[in-house]
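Chains, contacts and geometry: an overview
In case you want the letters, here they are:
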Amino acid sequence: MKITELAKAKINLTLDILGKRSDGYHEVEMMMQTVDLTDQMIFTLRQGTDITIECDVSYVPTDERNLAYKAAKLLQDRFSVNKGVHIMLHKKIPVSAGLAGGSSNAAATLRGLNQLWELNLTTEEMVEIAAEIGSDVAFCVYGSGTAIARGRGEIIERIPKAPPMTILLVKPQISVSTAVVYQNYRSELVKARPNTKAMLEAINEQDQKAICDNLSNVLETVTFSMHPEVQRLKQQMLSFGADGVLMSGSGPTVYGIVLKEKRATKIFNALRGFCNEVFLVRTC
Ligand SMILES: C[C@](O)(CO)[C@H](O)COP(=O)(O)OP(=O)(O)OC[C@H]1O[C@@H](n2ccc(N)nc2=O)[C@H](O)[C@@H]1O
Ligand SMILES: Nc1ncnc2c1ncn2[C@@H]1O[C@H](COP(=O)(O)OP(=O)(O)OP(=O)(O)O)[C@@H](O)[C@H]1O
């Protein structure tokens, strides 16, 4: 028996930090959006209880460090499952990019194994389990759409879908640790905080211009100071004519919303001249 699931990348339309928590995490309020940059995952039932992973790119761990493995093991232990699985992961989402690639794979594993192992879990039950794997996994369980995430990212409020928009994703060739970025966050260095209410209104009204005007991520202050080239990339995308530009998550991926299709292709070609990893995608 085989189940196929698609794991989508996410971008943050807003990311605000409301304070530091006693568990060491940060209290956040952020608007999340899926885009149609997807990994494909194929789950095949195995005899015995082994969980094995195969991936078509060499730099993704295929052992217990893989978030998909963690998700499978968690389900197996929690529900005393005496079945195994082989997971084939076709990777398209850049790794350590701020696009929740690993989290999305973990969420797709919860959905896939819910079917393969016939667990009959509701979406809400999967969301609860997701929070034990990572802060971004809960949002990814829904598969696609727009939501506000609160708490440490695991409390999800689904909101109306953002309008279809063309997005350029650019992943610089540097690696950023989410933990280090959060650790170095200083609220006093933030000049303008996100206005979540205004962003919600913009989405409710399907007002693309207002969405572009309200993009905001407080973690830019940290990543930009550690890697000035990420800030330069943002400036460059704005000067090329993107209508709104923001760093996603803790970075280093920077995305640009481009409201005119023809201009998006032009900027895409210009960026490909000096960046290896550039993707032209849509909100979904
Ligand atoms: C930056 C974002 O991607 C935005 O969507 C997320 O907030 C991070 O989500 P994630 O990668 O799933 O994060 P986790 O794997 O849960 O945590 C990685 C590390 O980031 C820090 N962290 C994460 C989330 C949060 N609300 N506060 C934190 O301080 C913690 O040091 C944690 O050890
Ligand atoms: N299924 C997976 N796909 C990609 N990376 C994974 C996976 N499982 C574990 N990892 C490891 O997780 C780390 C972060 O990878 P990931 O691509 O999820 O980062 P990210 O996009 O920055 O995540 P987020 O936006 O949630 O902070 C990498 O060091 C990678 O080796």
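Residues numbered from 1 in each chain as written. Chains lettered and ligands numbered in written order. Predicted model: local features only at pLDDT ≥ 70, side-chain atom pairs only at ≥ 80, totals over all residues. Heavy atoms only, no water.

**Quick look at the overall build of the protein chain**
From N to C terminus, the protein chain includes ten helices and eleven strands. Taken over the C-alpha trace, the protein chain has a radius of gyration of 19 Å; the compact-globule value for 284 residues is 19 Å, and the two agree within 12%. The 284 residues of the protein chain split such that 56% are buried. A sequence separation of at least 24 residues applies to 74% of the contacts in the protein chain between residues at least 6 apart. As presented, the protein chain carries roughly 12700 Å² of accessible surface, and 48% of it is formed by carbon and sulfur atoms. Between the averaged position of the 32 positive side-chain charges in the protein chain and that of its 31 negative side-chain charges there is a distance of 5 Å. (Helix = DSSP H or I, 4+ residues; strand = E, 2+ residues; numbered from the N terminus. Rg over C-alpha atoms; globule rule 2.2 N^0.38 Å. Buried < 20%, exposed > 50% of the residue type's maximum accessible area, 1.4 Å probe, protein only. Contact = heavy atoms within 4.5 Å. Areas by Shrake-Rupley, 256 points an atom, 1.4 Å probe, with all protein chains shown as cover. Lys, Arg positive; Asp, Glu negative; His and termini not counted. Charge placed at Lys NZ, Arg CZ, Asp CG, Glu CD.)

**Notes on the UniProt feature "domain: GHMP kinase N-terminal" (unreviewed entry) in the protein chain**
In the UniProt entry, the feature "domain: GHMP kinase N-terminal" (unreviewed entry) is given for residues 66-143. Helix makes up 53% of residues 66-143 and strand 9%, and the two end C-alpha atoms of the span are 19 Å apart. (UniProt positions renumbered as here; feature names shortened; annotations may be inferred.)

**Brief notes about the packing of helix 2 (residues 101-116) against helix 3 (residues 123-130)**
As a packed pair, helix 2 and helix 3 sit with axes 10 Å apart at the nearest point and diverge in direction by 130°. Regarding the angle of helix 2 to helix 3, the classification is oblique. The two elements helix 2 and helix 3 cross, and the hand of that crossing is right-handed. Contacts from Leu110, Arg111 and Asn114 of helix 2 reach helix 3 at Met126, Ile129 and Ala130. Considered class by class, the residues forming the contact of helix 2 with helix 3 number four nonpolar, one polar and one charged. (Axes fitted to C-alpha atoms, helices over the stretch in contact; angles between N-to-C directions. Parallel < 35°, antiparallel > 145°, perpendicular 65-115°, else oblique. Left-handed = near helix turned anticlockwise from the far one by under 90°. Nonpolar A, V, L, I, M, F, W, Y, C, P; charged D, E, K, R; others polar.)

**Remarks on the site of ligand 2**
Neighbouring ligand 2 are 20 residues, the closest being Asn66, Gly98, Gly102, Asn105 and Asp136. Interatomic distance of 2.9 Å between a backbone N/O atom of serine 96 and an oxygen atom of ligand 2. One nitrogen or oxygen atom from the main chain of glycine 98 is found 2.9 Å from an oxygen atom belonging to ligand 2. Across the complex, the protein chains shield 79% of the 620 Å² of accessible surface that ligand 2 would expose by itself. (Near = heavy atom within 4 Å. Polar contact = N/O pair within 3.5 Å; in protein donor to acceptor, adjacent residues only side chain to side chain.)

**Examining the pattern of salt bridges**
Side-chain pairing between opposite charges can occur once the charged atoms of the two side chains come close. Evaluation of the coordinates by the stated rule reveals 18 salt bridges. A salt bridge links arginine 21 to glutamate 27; the nearest nitrogen and oxygen atoms lie 3.1 Å apart. On the basis of relative accessible area, arginine 21 is assigned to the partly exposed category, the value being 24%. Judged by its relative accessible area of 28%, glutamate 27 falls in the partly exposed class. The salt bridge partner of glutamate 118 is lysine 83, with a shortest N-O separation of 4.0 Å. Residue glutamate 118 is located in the loop between helix 2 and helix 3, and its partner lysine 83 is located in the loop between helix 1 (67-78) and strand 4 (84-90); the two are separated by 35 residues in the primary sequence. Assessed through its relative accessible area of 26%, lysine 83 is described here as partly exposed. One connected set of salt bridges, linked through shared partners, spans Arg21, Asp23 and Glu27. (Salt bridge = Lys/Arg side-chain N within 4 Å of Asp/Glu carboxyl O.)

**Looking at the packing of aromatic side chains**
All chains considered together, the criterion is met by one aromatic pair. Measuring from ring centre to ring centre gives 6.5 Å for phenylalanine 240 and phenylalanine 274, while their planes differ by 65°; the resulting arrangement is edge-to-face. Of this pair, phenylalanine 240 sits in helix 9 (residues 228-240) while phenylalanine 274 sits in the loop between helix 10 (261-272) and strand 11 (277-282), placing them 34 residues apart in sequence. Judged by its relative accessible area of 43%, phenylalanine 274 falls in the partly exposed class. (Phe/Tyr/Trp six-rings, centres within 6.5 Å; stacked < 30°, edge-to-face > 60°.)

**Considerations on the side chain of asparagine 217**
Position of asparagine 217 relative to the elements: it lies in strand 8 (residues 216-217). One polar contact links the side chain of asparagine 217 to the main-chain carbonyl oxygen of glycine 249, over a distance of 2.9 Å. Sequence-distant contacts of asparagine 217, that is, excluding residues within four places in its chain, are made with Leu15, Leu246, Met247, Ser248 and Gly249.

**Section: the domain arrangement of the protein chain**
The extent of an interface is frequently quoted as the accessible surface area lost upon association of the parts. Domains assigned within the protein chain are domain 1 (2-159) and domain 2 (166-282). Between domain 1 and domain 2, the C-alpha centre-to-centre distance is 23 Å. Each side of the interface is counted separately: domain 1 has 26 residues, and domain 2 has 29 residues. Carbon and sulfur atoms make up 66% of the area that domain 1 and domain 2 hide from each other, which totals about 2300 Å². If you sort the residues of domain 1 by the area they bury against domain 2, Leu13, Leu15 and Ile17 come out on top, with a joint share of 23%. Taken together, domain 1 and domain 2 are joined by one salt bridge. Ionic pairing is found between arginine 193 and aspartate 16, a salt bridge with its closest N-O pair at 2.8 Å. Applying the counting rule to domain 1 against domain 2 returns 13 residue pairs in polar contact (both at pLDDT 80 or more). For the side of domain 1 that touches domain 2, the secondary structure elements donating two or more residues are strand 1 (2-20), strand 2 (26-46) and strand 5 (146-150). (Domains from an automatic or database assignment. Buried area = accessible area lost by both parts, 1.4 Å probe.)

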